[in-house]
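Now for the letters of each chain:
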Amino acid sequence: MFKRLLLCLALLPAFAGAQEDSDWIEYRDAYRQMIWFEKYGKPKQFLQNHFRIRPRDKSVAIDGLRLTLNSKATHLALPLDALGRAVFPFSKAAYDDNAELTVNRKAGQLKSGAWVSIVTRPDGVYAAADLRTACEQLLAYLRYSGEATGKSCAGVQFSYPKNDASQVQFHAAGGAVTMLASKEGPAFTGDVVATFRVFVYRFAALPEAGQIVTTSTPLAIAALLE
């Protein structure tokens, strides 16, 4: 039970109150959050885990946002993608030095923590069965971490920049092609920034056998849990 409690605490979307009003994050706290996914033993080949920084309010600009790892011996810039995600550097030296992760924003403007999403494919082709499996894998991980209670997989969502002209299609096994409609919204449920161009693929709305074909790589693929 104690380990379970630690896991639930580790995967909260923001750090403890002491961190919420600071523009820096203890590396050790971030490490403890990120390591749970690394140690998770169930299938996760369709999933990826990032350290993510995201605004608390839509008025907070993420353009120019920078994340830096600072330790006694190292000052390492951690590149962020358009959704504020960074590849987390697992470093024993940084852990031992009690390093800090710093952001160039005022205290209290941002949330930070581990963020699991579905892996994108460079060829833009996704088997419908794989997307269903990916959603179930993410749901299983969230349940393992004490989240998503009572939820089930309804589909997945592909997100692009607002002015991107990419298309997302469903190719049925029999050859019929369905264009998915785009709308404006957040890349992930709960995000305050809702200006992305998103395509929702609902499993129940289309045949079970087929492929999703995208004309370019999305910023992210999110699971729709309802």
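All figures in this text were calculated on a predicted structure; none of them were measured in a lab. (Residues numbered from 1 in each chain as written. Predicted model: local features only at pLDDT ≥ 70, side-chain atom pairs only at ≥ 80, totals over all residues. Heavy atoms only, no water.)

1. Some words on the pattern of salt bridges
With the rule as written, the count across this model stands at eight salt bridges. In this structure, D191 and R54 form a salt bridge, with 3.3 Å as the shortest nitrogen-oxygen distance. Taken as a pair, D191 in the loop between strand 12 (182-185) and strand 13 (196-202) and R54 in strand 2 (residues 47-55) lie far apart in primary sequence, 137 residues in all. Residue classification places R54 among the buried positions, given a relative accessible area of 8%. The shortest N-O distance in the salt bridge between E226 and R202 comes to 2.7 Å. With E226 in the segment after strand 15 (220-225) and R202 in strand 13, this residue pair connects regions lying 24 residues apart in the sequence. According to the relative accessible area criterion, E226 is partly exposed, its value standing at 48%. Sharing partners across several salt bridges, the network here consists of R52, R54 and D191. (Salt bridge = Lys/Arg side-chain N within 4 Å of Asp/Glu carboxyl O. Helix = DSSP H or I, 4+ residues; strand = E, 2+ residues; numbered from the N terminus. Buried < 20%, exposed > 50% of the residue type's maximum accessible area, 1.4 Å probe, protein only.)

2. Let's talk about unusual backbone geometry
Even without being glycine, N98 reaches a positive phi, approximately 55°. With respect to the secondary-structure elements, N98 resides in the loop between helix 4 (92-96) and strand 6 (100-103). Even without being a glycine, A148 presents a positive backbone phi close to 60°. Examined against the element boundaries, A148 turns out to sit in the loop between helix 5 (128-144) and strand 9 (153-160). Since its relative accessible area comes to 15%, A148 is described here as buried.

3. Quick notes on the domain arrangement of the chain
Its domain assignment divides the chain into domain 1 (24-116) and domain 2 (123-225). Between the C-alpha centres of domain 1 and domain 2 there is a distance of 25 Å. Contact residues are listed per partner, giving 19 residues for domain 1 and 17 residues for domain 2. In total, domain 1 and domain 2 occlude about 1600 Å² of area from one another, counting both sides; carbon and sulfur atoms represent 67% of this. Area buried by domain 1 at its contact with domain 2 is led by Y40, F46 and L83, which between them contribute 35% of it. Between the two partners, domain 1 and domain 2, sit two salt bridges. At the boundary of domain 1 and domain 2, one finds six residue pairs in polar contact (both at pLDDT 80 or more). No other element matches strand 2, which puts four residues into the side of domain 1 that touches domain 2. (Domains from an automatic or database assignment. Contact = heavy atoms within 4.5 Å. Buried area = accessible area lost by both parts, 1.4 Å probe. Polar contact = N/O pair within 3.5 Å; in protein donor to acceptor, adjacent residues only side chain to side chain.)

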